[in-house]
Amino acid sequence: MGNDGELLGKKWISGENLLMRIESVKVNNFRLLRDTEITLDEKTTVIVGRNNSGKTSFTEVFRRLLSDVTAKFKLEDFSIPILENFWNAFILMKEGKEDQVIREVLPYIQITLTLKYDTTDNLGPLGEFVIDLDPNSTHSVAMLRYQLAEGKIATFFEGIEYTGIPEKTVLEKKDFFRAIRERVPQFFSTSVYAIDPQDPTNQKKLDLALFRELLQTGFIYAQRGLDDTTHKDRDVLGGIVERMLSIAKSESPKSSKNETVVLLENAIKEIQYKLDNDFNQHVNKLLPALSLFGYPGLSTLPLLTETTLDVKRLLENHTKVHYPGDHGINLPETYNGLGSRNLIYILFQLFEFFKMYKARETAANFHLIFIEEPEAHLHPQMQEVFIRKLTEISDEFSRQFNDGVPWPVQFVITTHSTHIANEASFDSIRYFLNTNMHTRVKDLRVGFSTETQKDDKEFLHKYLTLTKCDLFFADKAILIEGPTERILMPKMIEKVDSELAHTSQLSNNYLSIIEVGGAYAHHFFSLLNFLEIRTLIVTDIDSVETGNRKKCIVSEGTYTSNACIKKWFGDQDISPNCLLSKTETEKTKGLLRISYQVSDFFEPGREEIFVALKETAAALEPTMLEMGKGDSQNRGSNGPTGRSFEDAFMLANKSLFGITGNKCEELERSAWENALKVDKTNFALKYALEDTSWNVPTYIKDGLVWLSLN
């Protein structure tokens, strides 16, 4: 393999595809990651989710256990639900229980990795972690546990007062947690175990140093210091160049990078010679003669200067990355845009991690690199390029600098960028969801693995790539038909919010409004349920006639042409009259609710019910369900109903649009004919920005009230 292939017994991982990789990671008891397992993609895993869902914590637990020389966790790092176990263990000790019983209760922080490997003769560091006796096994399990050190139970709880008197328990408990807060970093340490994948009780304790040889990590944090130019220019890139020199010095003497270091040092030696023979001679003339003091013997001790240059210090303190300018004037790195500097910084860091991997005497079997928020300062198109090119960059490093031998690296990216999330492979996305202070991971590859979901998966990936919708980061969602609803929806939300209690207002949520049309909305059902996002689906009743299925007013329709509605109710021939009789219960399925046009007329009790609904969010859902039992019965004969949003909007505001008629059919036709004449975009802009005194159509108002529920 040459100099970069096999050095000093170094075993490189080869083959077209990486045969060694981390298949899954399970984290226990770290912040929101109480019992959280995530499968890793072969190359790049993209972690998305709402704020405070545990994305950063996943990176942080690795940094704490693997990056620092000595892992340090605070009491606050333990998951909140298990903190009580510290007290429970303390009580067991006071009751005289054995150490083993107490240890089973004491909290710990743990990472468990399932590792996949090829059946090869030389496993390198992984060999110590393969403890099963199955010759055909291709998996091993490694576990790191941050726990109270052996023999330290009595010391950990020493001097803490406990009387057992119930009246004093509350105060004693507060004092207890104050005391152990200082003791956790002092008495807890990290232990490493190899576990038999076929028999979890078969475990072997190993040194942490051995695990660090097995798995190498790298971290590119969200805060990269690129934009800190308040007091002085930050030469962040120059600092990485200095670190690359240090790495190169540790490589094989025959490697090209080490030869470059030797040449640099030789160049410094030439300068050093000049300093010793010319520069220092002139400096010495600046020194006063000691004979001036007139003390015996001093006149025979002349003073000499010596100036020493250090390559590392030169790079560290004086090397800056500049960009070419004109007339021999180069521009400092801070003069380039933050986006460009961010990309260059990430590239430099990745190359540094690659060189660190190659420089190790024994190559790690696995290399895991975390990249937090790569989108910082990047415009959307560049974000998409980044996620597409990441694997190509690692492959290019292998081709150019490692004789084509693959770099066994896996990337974990945490992001808030819709452009990165939607550009990534559907199978590589892991959705973090915070439920009751506990992170659950939703794997899209698993969630869309059935044959029946194949069409939905293909449609959704194409749609998300084209539209960059933000479903992965939303608290709640609204699916709408077209541009008119999209433009007017913020104003309709504002109007409904004004009638709701403050705690229930939709403006307090991160809403994702997605324009999908009635023909495609049903493709989102499985994704919305999978992501567990409360979603309102606003669509049109789309009435058509018998036979030719021609568009018609609702009171004359016998069918609907709306694919979403037919899919929702599981009836390809459902009639508008049947749809108008559907209850709120039938329009709701778990976290999803469908809303289509209903009669916009005053119903006895409707306004009174709405007033009751807005007073308290807690009573909202059951009240609406009761309301739904008799809701919309025979609406087709009781009042006019719009076929689409525009005519429904006009029917809700008859006087505003001059909608007249004595019969239901006349009112519907008047609204429909008026709606056909409008330019939808201009119509929406006018009533969103200029004429804002109008009523929200009932079907949308009811749906938004439902959406305001928690």
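## Describing the sheet that holds strand S8 (residues 215-220)
Sheets are built from strands paired through backbone hydrogen bonds, the pairs being either parallel or antiparallel.
So, point 1. Taken in spatial order, the 6 strands make up an open sheet running S8-S11-S12-S3-S13-S14, and their pairing is mixed. In this open sheet, the two edge strands, each paired with only one partner strand, are S8 and strand S14 (439-443). Strand-to-strand, the axes of this sheet are offset by a mean angle of 20°, without reference to chain direction.
So, point 2. One ladder, built from 6 bridges, connects strand S11 (residues 366-372) with strand S12 (residues 409-414); its direction is parallel. Pairing of isoleucine 369 across the sheet is with phenylalanine 411, part of S12.
So, point 3. Where helix H11 (residues 380-401) meets the sheet, its contacts fall on strand S3 (44-49), S11 and S12, and the angle it forms with S12 comes to roughly 160°.

## Focus: the packing of helix H15 (residues 483-497) against helix H26 (residues 698-707)
Packed helices, taken two at a time, are described by the angle between their axes plus the distance between the axes.
So, point 1. The geometry of H15 relative to H26 is characterised by a closest axis approach of 10 Å and an angle of 70° between their N-to-C directions. Judged by the angle between their axes, H15 and H26 are roughly perpendicular. Like other packed secondary-structure pairs, H15 and H26 cross with a definite hand, here right-handed. Of the residues in H26, those in contact with Met489, Met492, Ile493 and Val496 of H15 are Ile700, Lys701, Leu704 and Val705.
So, point 2. Classifying every residue of the contact of H15 with H26 gives 7 nonpolar, no polar and 1 charged.

## Re the pairing of strand S7 (residues 199-206)
So, point 1. Judged from the 5 bridges that link them, strand S6 (residues 188-196) and S7 form a sheet pairing that is antiparallel. Of the residues in S7, the one forming a bridge with alanine 194 is lysine 204.
So, point 2. Joining the antiparallel neighbours S6 and S7 is a turn of 2 residues.

## Some details on the sheet that holds strand S17 (residues 534-538)
So, point 1. Ordered in space as S16-S15-S17-S21-S20, the 5 strands form an open sheet in which the pairing is mixed. For this open sheet the edge positions go to strand S16 (511-515) and strand S20 (588-589), each flanked by a neighbour on one side alone.
So, point 2. Pairing of S17 with strand S21 (residues 592-595) involves 4 bridges; the strand directions are parallel. Across the sheet, valine 538 pairs through a bridge with serine 595, a residue of S21.

## Digging into the pairing of strand S2 (residues 33-39)
So, point 1. In this structure, strand S1 (residues 21-30) lies alongside S2, joined through 6 bridges in antiparallel fashion. Bridge pairing links asparagine 28 to aspartate 35 in S2.
So, point 2. Linking S1 to S2, which pair antiparallel, is a turn of 2 residues; within it arginine 31 sits at a positive phi near 50°.

## Remarks on the pattern of salt bridges
So, point 1. Enumeration over the complete set of coordinates arrives at 28 salt bridges.
So, point 2. A salt bridge links arginine 181 to glutamate 76, with the nearest nitrogen and oxygen atoms 2.7 Å apart. Note that arginine 181 is positioned in helix H5 (residues 166-187) and glutamate 76 in the loop between helix H1 (55-67) and helix H2 (84-94), a separation of 105 residues in sequence.
So, point 3. One salt bridge connects arginine 430 with aspartate 443, and the closest N-O pair in it is separated by 3.3 Å. Taken as a pair, arginine 430 in strand S13 (residues 429-434) and aspartate 443 in strand S14 lie far apart in primary sequence, 13 residues in all.

## What about the environment of aspartate 77?
So, point 1. The topology assignment puts aspartate 77 in the loop between H1 and H2.
So, point 2. According to the relative accessible area criterion, aspartate 77 is buried, its value standing at 2%.
So, point 3. Through-space distance from the C-alpha of aspartate 77 to that of isoleucine 109 is 8.6 Å; in sequence the pair is 32 residues apart.
So, point 4. With residues near it in sequence (within four places) discarded, aspartate 77 still touches Asn29, Phe30, Arg31, Arg64 and Ile109.
So, point 5. Polar side-chain contacts of aspartate 77 include one of 2.7 Å to the side chain of arginine 64.

What counts and what doesn't
Residues numbered from 1 in each chain as written. Predicted model: local features only at pLDDT ≥ 70, side-chain atom pairs only at ≥ 80, totals over all residues. Heavy atoms only, no water. Pairing = 2+ DSSP bridges. Helix = DSSP H or I, 4+ residues; strand = E, 2+ residues; numbered from the N terminus. Axes fitted to C-alpha atoms, helices over the stretch in contact; angles between N-to-C directions. Contact = heavy atoms within 4.5 Å. Parallel < 35°, antiparallel > 145°, perpendicular 65-115°, else oblique. Left-handed = near helix turned anticlockwise from the far one by under 90°. Nonpolar A, V, L, I, M, F, W, Y, C, P; charged D, E, K, R; others polar. Salt bridge = Lys/Arg side-chain N within 4 Å of Asp/Glu carboxyl O. Buried < 20%, exposed > 50% of the residue type's maximum accessible area, 1.4 Å probe, protein only. Polar contact = N/O pair within 3.5 Å; in protein donor to acceptor, adjacent residues only side chain to side chain.

Any link to function would need more than the numbers given here.
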